[in-house]
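What the coordinates show
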Amino acid sequence: MLSTADIRKGAVIHHNNDLYAVVDFQHVNPGKGAAFTRTRMKHLGSGKVIEITYKSGEAVDIVSVEFQTMRYLYKAGDNFAFMNNTTYEQIEMNGDLIGDDAKYLKEGIDVIIGIYEGIPVSIQLPKKITYKVVEAPPAVKGDSAGGNVTKEIVCDNGLHVQVPIFIKEGEEILVNTETGQYSARA
Amino acid sequence: MSSWKELKENPRLKKIHDDRIIILKSIREFFWSEGFVEAETPLALRFPGQEPYLSPVPVRLTDAGKNIYYFHLRTSPEFALKKLLGAGYKKIFEIGKCFRNNEDIHGTHSPEFTMIEWYRCPGSLEDIMTDTEKLFKKILKKLGKDSVEYNGKEIPARGKWKRVSMKKLFQKYLKADLDEYLEIEPLKKLAEKFGQTTSAADEYEDVFFKIFLNEIEPKLGIDKPIFVYDYPARMCSLSKLSVSDSRYAERFELYIGGLEVANAFGELLDPVEQERRLEADQALRQKLGRETWAVDQEFISVLASLKEKNAAGIALGLDRMVVLCTGAKDINEVIFSNISDQLAI
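Predicted model, so just to flag it, every value in this text is computed and none were measured. (Residues numbered from 1 in each chain as written. Chains lettered and ligands numbered in written order. Predicted model: local features only at pLDDT ≥ 70, side-chain atom pairs only at ≥ 80, totals over all residues. Heavy atoms only, no water.)

1. A few points about the overall build of chain A
Within chain A, the secondary structure is distributed over one helix and 17 strands. A buried classification covers 51% of the 186 residues belonging to chain A. Sequence-distant contacts in chain A: of pairs separated by 6 or more residues, those separated by 24 or more amount to 44%. With an accessible surface of roughly 8,800 Å², chain A has 47% of that area assigned to carbon and sulfur atoms. For chain A, the distance from the average site of its 19 positive side-chain charges to the average site of its 24 negative ones is 9 Å. (Helix = DSSP H or I, 4+ residues; strand = E, 2+ residues; numbered from the N terminus. Buried < 20%, exposed > 50% of the residue type's maximum accessible area, 1.4 Å probe, protein only. Contact = heavy atoms within 4.5 Å. Areas by Shrake-Rupley, 256 points an atom, 1.4 Å probe, with all protein chains shown as cover. Lys, Arg positive; Asp, Glu negative; His and termini not counted. Charge placed at Lys NZ, Arg CZ, Asp CG, Glu CD.)

2. A look at the sheet that holds strand 2 (residues 44–45) of chain B
All names here are of chain B. Spatial ordering of the open sheet is given by 2-4-3, a layout of three strands whose pairing is antiparallel. Of all the strands in the sheet, just strand 2 and strand 3 (58–62) have a single pairing partner and so form its edges. Across two bridges, the pairing between strand 2 and strand 4 (residues 68–73) is antiparallel. Within the sheet, the bridge partner assigned to Leu-45 lies in strand 4 and is His-72. (Pairing = 2+ DSSP bridges.)

3. Re the interface of chain A and chain B
Taken residue by residue, the interface counts 34 residues in chain A and 44 residues in chain B. The junction of chain A with chain B conceals about 3,500 Å² of combined surface from both sides, 47% of it contributed by carbon and sulfur atoms. Its salt-bridge partner being Lys-55 of chain A, residue Asp-206 of chain B comes within 2.7 Å of it at the nearest N-O pair. If you look at where chain A meets chain B, you find 17 residue pairs in polar contact (both at pLDDT 80 or more). Mapped by element, the contributors of at least two residues to the side of chain A that touches chain B are strand 3 (18–28), strand 4 (36–43), strand 5 (49–55) and strand 17 (181–185) of chain A. Residue classes in the side of chain A that touches chain B are distributed as 13 nonpolar, 12 polar and nine charged. (Buried area = accessible area lost by both parts, 1.4 Å probe. Salt bridge = Lys/Arg side-chain N within 4 Å of Asp/Glu carboxyl O. Polar contact = N/O pair within 3.5 Å; in protein donor to acceptor, adjacent residues only side chain to side chain. Nonpolar A, V, L, I, M, F, W, Y, C, P; charged D, E, K, R; others polar.)

4. Overview of the confidence of the model for chain A
Chain-level pLDDT for chain A is 88 on average; 94% of the residues reach the 70-or-more range. The weakest mean pLDDT in chain A belongs to strand 1 (residues 2–3) of chain A at 82; the strongest belongs to strand 9 (residues 79–84) of chain A at 96. (pLDDT = per-residue confidence, 0-100.)

5. Here's the deal with the sheet that holds strand 8 (residues 66–76) of chain A
Residues and elements named next belong to chain A. Read across the sheet, five strands follow the order 10-9-8-11-12 without closing on themselves; strand pairing throughout is antiparallel. The open sheet has two free edges, formed respectively by strand 10 (90–94) and strand 12 (119–124), since each of these has just one partner strand. This sheet shows a mean twist of 45 degrees between the axes of neighbouring strands, independent of strand direction. Bridge analysis of strand 11 (residues 110–116) against strand 12 gives five bridges, and the strand direction is antiparallel. Paired with Ile-113 across the two strands is Ile-123, which belongs to strand 12. (Axes fitted to C-alpha atoms, helices over the stretch in contact; angles between N-to-C directions.)

Here you go:
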């Protein structure tokens, strides 16, 4: 049996006779006592998200998941297609399991896919992804006094992001996939 | 946060950084105006704390004669500040970096973070609650705000903040009388009722937090900041027992928007009892296979000199405070060139 130290994004946990993929986890030390691993995980069938708190070091029934770096290819109906960069093997993953992360996918980026018994169950995006700005309204003059004025632009994969008003169409920007926020010019 | 390039090209992150500077300045102004003095205590410690579940970062120091000395970076300035109380200081504060090993580096967590601690001797937990509330309100005023923000939600900070006992929270959110759950077996049954796992190795505190972290904490401080006080006595290794009910200990935590911001104790000043507890923690470290070191005898000796006094103190996470006061998305957005940025992970 593995322990909380083996919990990572995309790991699959056997909990109460069901399988869940870890969406997010966080170590918490309430006060100065014991440490806990607060784990948000998604039911592999229904997609329902639950939160379980493990004591750090506690045994956790983590099932064996193979993590592969794969390249995102295209969307096919409700599914998303990825290719293993070394074997060129292709797989399709259900959009429900990708959830909100789907909006960051862009043809050609590398992601880490967790595969359980031949089926892709989880995805980890790079922390920052570069996009090209394809639609940007012009900056409105006299609007920059607050220093934090933004406008919405559209990226080359259709993602909408709030950016500073000085960003122009055709520029490349970095977006932080953990916060969903503009990071800097690429 | 942020690389220099992000600060240069991202007005939102630059504003957060500018606000952090204002916050730091306001904190110092607040404490000086309240009669506190600023302490500066060592980062590198020969005898760090004994908290069984914290891992200090080891550092190796070599002198000119090539002798090697082993130290650890502090996880908190607590022992050193209490030694200054023993030296006769009555109101002290420190703002400084602390480090924790073996924790996540990505996302919402940073192994290098800034702690504000302050102590009053004499002092009570009520005094510390009042300090905390006044400090936040002063900072918000400087920033031209009267509310904080977390996870995109605004939390009003005006008016008197709530002060609620843990027992009342159990009643409200779990419909349970905490007095009946002061032993581990009934508490385990309660945890299982709420879908949590328990094991034979769980201590009382473990089971308590499995329930608390899931069923209560996320709901705390949503409409107004809240101080939660009176924790079950068996969970508080550095605090003294409540005078009115010895089943509970003098400890409080501040929650804002479901986030734990600060943790305070009515300080345990009994050297014999403190040494016993530290030795028990040290034994537990050994049992857990963690690195161990001697109990800091200077810390025990300072308690002997403070024994007849009342002291209270608090540790408040500055980075979390900055997140709340600036509306930043996570901890890493408020720490310039943080470890995650440096490693590019």
